[in-house]
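Analysis of the macromolecular model
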Amino acid sequence: MIGIAMTTYNGEKYLKEQIDSILNQTVSDFELIVCDDVSSDSTMDILNGYAAKDSRVHVFRNEENLGFLKNFEKAIRICLDRGAEYVAPADQDDVWANDFLEVLLNIFHSNSDILLAYGSQISFTDTLPTQTFIKDSVANSFTPPERLQTTLYRSGIFTGATMLIHKNFFQYALPICNEFAFHDIWFSALAEALKTVKGTGKIIRYWRIHNANVSPRKTSRIKIYFSKRKIRYEYFLAKEILKRVPHENLDPLILKELKIAVKYYSYNRFFLWRLFYLGFFIKRYKIFTYKINPKYAVFKYLLWG
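In this numbering scheme, every chain counts its residues from 1 along its sequence in written order. Reporting in this predicted model follows two pLDDT cut-offs: at least 70 for local features of residues, and 80 or more for side-chain atom pairs to be given and counted; totals over whole chains, interfaces and linings ignore these cut-offs and use all residues. Derived side-chain values reflect all non-hydrogen atoms in the structure, with water molecules and hydrogen atoms excluded from consideration.

Here we take up the overall build of the protein. Working definition: helices are DSSP H or I runs of at least four residues, strands are E runs of at least two. Numbering for both runs from the N terminus. The helix and strand tally for the protein stands at 14 helices and nine strands. We call a residue buried when its accessible area falls under 20% of the maximum for its residue type, exposed when it is over 50%, and partly exposed in between, using a 1.4 Å probe and counting protein chains only. The burial tally for the protein puts 55% of its 305 residues in the buried class. Working rule for contacts: check all heavy atoms of both residues, and any pair within 4.5 Å makes them a contact. Of all intrachain contacts in the protein linking residues separated by at least 6 positions in sequence, the fraction that spans at least 24 positions is 79%. Under the convention used here, a 1.4 Å probe and the Shrake-Rupley method define accessible areas, while residue burial counts only the protein chains that appear. Carbon and sulfur atoms make up 54% of the accessible area of the protein, which totals about 14,300 Å².

This is how it looks when you write it as structure tokens:
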């Protein structure tokens, strides 16, 4: 059985469309677990209405606001406690393709050694659909260490709302560290470190862009990049993997990269360290220029890493 872990907070505007897309999946053996984080709008009324009509929908309302990370963790734990073999994190404002679960399950059936499968997505707005492919074909040529580098030093190759995760993955993944900005970056980094991830270019998620998105938009990314917070949570990504996963279970190249990442982020704020350690940048040139104009890459690296 699949457990779909959805979190809600004042999501009345788009919630029905997302739940309808989930309930109309080509795979029907699932439970939709929804944890509401004390919404003040009509979100709970909408959820209770669906729960009354469909026995697969189960609604839980928090007694107090847990915040984005811990609310997702709660939803995932409920899925696991109810016997889910796979867990799919779901946002409240997206739209799933009707074969979302089928596509990801097929990846598991064809690859017995993976713990996390993911698909691709397209972003859209309420007024103008946009054909923005989030998954970049360049990343397909990356080696496992390079994929991990991309997650640690740039951004994840895939997102949490396109994942299907095997229950065994959570022996390492839970609890979610409070230092992380988002749960999906943690899941991505951990899966890449374990080399237990497989994806597809098929579009399975339609990502709605609007003013209330939790994910940072371009206007706020500048603040994130210049803040110590970004360095802190990426530092903790590497450190937590080293802490939770027995080192003998890690590929030697992955283990080496994680140790370098901890050192890199420990000294990241020191400009002279970056200036005299250009070898770090040169060896990872493909990663630092991933989705960025190469002529700006050196300047950006020297400025804030």
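Here the narrative resumes, following the displayed structure.
As for its placement among the helices and strands, Ser39 is situated in the loop between strand S2 (30–36) and helix H2 (43–53). When its relative accessible area of 7% is taken as the criterion, Ser39 is described as buried. The contacts of Ser39, once residues within four sequence positions are left out, are Thr8, Tyr9, Asn10 and Arg61.

Turning next to the nonpolar core. What makes a nonpolar core is a set of buried Ala, Val, Leu, Ile, Met, Phe, Trp, Tyr and Cys residues whose side-chain atoms join them at distances within 4.5 Å. If you look at the biggest cluster of nonpolar residues, it comprises 58 residues, and the most contacted ones within it are Leu116, Phe169, Phe170, Trp186, Phe187, Leu190 and Leu258. Here the element with the most residues in this core is helix H7 (residues 183–194); it accounts for eight residues. Among the nonpolar cores identified, the runner-up in size contains 31 residues, and Phe30, Tyr50, Ala117 and Ile204 belong to it.

Taking 1.5 Å of rise per residue, 15 residues should cover 21 Å, and helix H10 (residues 252–266) covers 21 Å from first to last C-alpha, within 8% of that figure. Where H10 is concerned, the buried positions are Ile254, Leu255, Glu257, Leu258, Ala261, Val262, Tyr264 and Tyr265. Regarding H10, its N-cap is Asp251, as a side-chain oxygen of that residue lies 2.8 Å from the backbone nitrogen of Leu253 further along. An expected span of 1.5 Å times one less than the residue number is assigned to each helix. Throughout this description, a polar contact denotes any pair of N or O atoms lying within 3.5 Å of each other; where both atoms belong to protein, one of them has to be capable of donating a hydrogen while the other can accept it, and for residues adjacent in sequence the pair is counted only when both atoms sit in side chains.

The buried count for strand S1 (residues 2–8) comes to seven of seven residues, which makes it a mostly enclosed element. Side chains Ile2, Ile4, Met6 and Thr8 of S1 all project onto a buried face; the interleaved residues Gly3, Ala5 and Thr7 project onto the opposite face, where all are buried too. When DSSP finds two or more bridges between two strands, those strands count as paired. Here S1 runs beside S2; their pairing, made up of seven bridges, is parallel. From the neighbouring strand, Thr8 faces S2, where its bridge partner is Asp36. Handedness of the crossover joining S1 and S2 through helix H1 (residues 15–23): right-handed. Relative to strand S4 (residues 86–90), S1 runs parallel, the two sharing five bridges. Directly across from Met6, in S4, lies its bridge partner Ala90. Place the viewer so that the strands point away; then a crossover is right-handed whenever the path from the first strand over the helix to the second strand goes clockwise.

Another point: the environment of His58. Residue position: His58 is located in strand S3 (residues 57–61). Linking His58 and Ile33, residues 25 residues apart in sequence, is a C-alpha distance of 5.1 Å. Not counting residues up to four positions away in its chain, the partners in contact with His58 are Glu31, Leu32, Ile33, Val34 and Arg82. Here Glu31 takes part through its side chain, which lies 3.4 Å from a polar atom of the side chain of His58.

Glancing now at unusual backbone geometry. Going from Leu174 to Pro175, the amide bond is cis rather than trans, its omega being 0°. When you line up the elements, Pro175 lands in the loop between helix H6 (170–173) and H7. One non-glycine residue, Asn10, lies in positive phi territory at about 45°. On the secondary structure map, Asn10 appears in the loop between S1 and H1. What makes Asn10 partly exposed here is its relative accessible area of 30%.

Mean pLDDT over the protein works out to 84, with 79% of the residues at or above the 70 mark. Confidence scores labelled pLDDT are given residue by residue by the predictor and lie between 0 and 100. For the protein, helix H8 (residues 218–225) is the element with the lowest average pLDDT, namely 45, and S2 is the one with the highest, namely 98. Of the regions scoring below 50 in pLDDT, residues 215–226 engages in 13 contacts with residues more than four places distant in sequence or in other chains.

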